[in-house]
Amino acid sequence: YIHEYNLSAYDAGVLVKEKAVSDYFEECVKLGIDAKVAANWVTVNIVGELNKEGITISELYIRPEMLKQITDAVEKGTISSKQAKEVFAKAIEEKKEPKTYITSDNAQISDEGELTRLITEILDNNPSQIKQYKGGKDNLFDYFVGQVMKNTKGKANPVMTKEILHE
């Protein structure tokens, strides 16, 4: 795994500890999930869930095909990685397919025009913070990102938000 998929020794160690976990990871990769993405999900979220619930991977509701629904949505920018974790938890809790929760209602806002409009509105409402920022108070940049996230209930694409704010 270290050489074939360029994984860290730690991730490879977690994946090969149990054959069933290794098989789950291999199935994810066969389905087209990037090996590093699959390794991260399996070693962090899935193994975490198994430990929390005291179950084996064969008892886990989320199968590799379902995990692919989540990773594909993140890759396309439909949902954020934070939302992906929420979808994962909800799918397990309610025993429903992840795609059930990947809807336009919780879709990430990645429309440049809409984000620009929201950011402009926030900047217009915070002239004193802009003055402080221009005066060298660089940590206010995070304040503006936070305001965008707050106003969109966490749905704004954070990468795009930062890019537009930098402009």
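Residues numbered from 1 in each chain as written. Predicted model: local features only at pLDDT ≥ 70, side-chain atom pairs only at ≥ 80, totals over all residues. Heavy atoms only, no water.

## Overview of the packing of helix α2 (residues 19-30) against helix α4 (residues 64-76)
As a reminder, the rule being used: Throughout, an axis means a line fitted to C-alpha atoms (over the contacting stretch in the case of helices), and angles, computed between N-to-C directions, take values from 0 to 180 degrees. Secondary structure elements follow DSSP: runs of H or I of four or more residues count as helices, runs of E of two or more count as strands, with numbering from the N terminus. Oblique is the label for any angle not under 35 degrees, not over 145, and not in the 65 to 115 range, which are roughly parallel, roughly antiparallel and roughly perpendicular in turn. Left-handed describes a crossing whose near helix is turned anticlockwise from the far helix by less than a right angle; the clockwise case is right-handed. Residue contacts are counted whenever heavy atoms from the two residues lie within 4.5 Å of one another.
The geometry of α2 relative to α4 is characterised by a closest axis approach of 9 Å and an angle of 50 degrees between their N-to-C directions. As the angle between them shows, α2 and α4 are arranged oblique. Here α2 and α4 pass one another in a crossing that is right-handed. On the side of α2, the interface is formed by Tyr24, Glu27 and Cys28, while α4 contributes Pro64, Glu65 and Leu67.

## Describing the packing of aromatic side chains
Basically, it comes down to this: Aromatic rings from Phe, Tyr and Trp, taking only the six-membered ring of Trp, are treated as a pair when their centres fall within 6.5 Å; an angle between ring planes under 30 degrees marks them as stacked, one over 60 as edge-to-face, and anything in between as tilted. The cut-offs for exposure are 20% and 50% of the maximum accessible area for each residue type, with area from a 1.4 Å probe on protein chains only; residues under the lower value are buried, those over the upper are exposed, and the others partly exposed.
Within the structure shown, the criterion is met by 7 aromatic pairs. Between Tyr133 and Phe141 the ring centres are 6.5 Å apart and the planes differ by 35 degrees, which places this aromatic pair in the tilted class. Owing to a relative accessible area of 29%, Tyr133 belongs among the partly exposed residues under this scheme. Joined through ring pairs, the aromatic side chains of Tyr133, Phe141, Tyr143 and Phe144 make up one cluster.

## Some thoughts on the packing of α2 against helix α3 (residues 35-53)
Rules: Residues are sorted three ways: Asp, Glu, Lys and Arg are charged, Ala, Val, Leu, Ile, Met, Phe, Trp, Tyr, Cys and Pro are nonpolar, and all the rest, Gly among them, are polar.
Between α2 and α3, the least distance of the axes is 9 Å, while the angle of their chain directions is 140 degrees. One way to sum up the angle between α2 and α3 is to call them oblique. Considering the relative orientation of α2 and α3, their crossing is right-handed. Contacts from Val21, Tyr24, Phe25, Cys28 and Val29 of α2 reach α3 at Ala35, Ala38, Ala39, Val42, Ile46 and Val47. For the contact of α2 with α3, a count of residues per class yields 11 nonpolar, no polar and no charged.

## Some words on the confidence of the model for the protein chain
Rules: As a per-residue measure, pLDDT tells how confident the predictor is, with possible values from 0 to 100.
Scored by pLDDT, the protein chain comes out at a mean of 91, with 98% of its residues at no less than 70. Mean pLDDT across the elements of the protein chain bottoms out in helix α9 (residues 158-166) (89) and peaks in α2 (97).

## What to know about the environment of Leu50
Looking at the secondary structure, you find Leu50 in helix α3. On the basis of relative accessible area, Leu50 is assigned to the buried category, the value being 8%. Residues Leu50 and Leu60, spaced 10 residues apart in sequence, show a C-alpha to C-alpha distance of 7.3 Å. When near neighbours in sequence (up to four residues on either side) are disregarded, Leu50 contacts Ile55, Thr56, Ile57 and Leu60.

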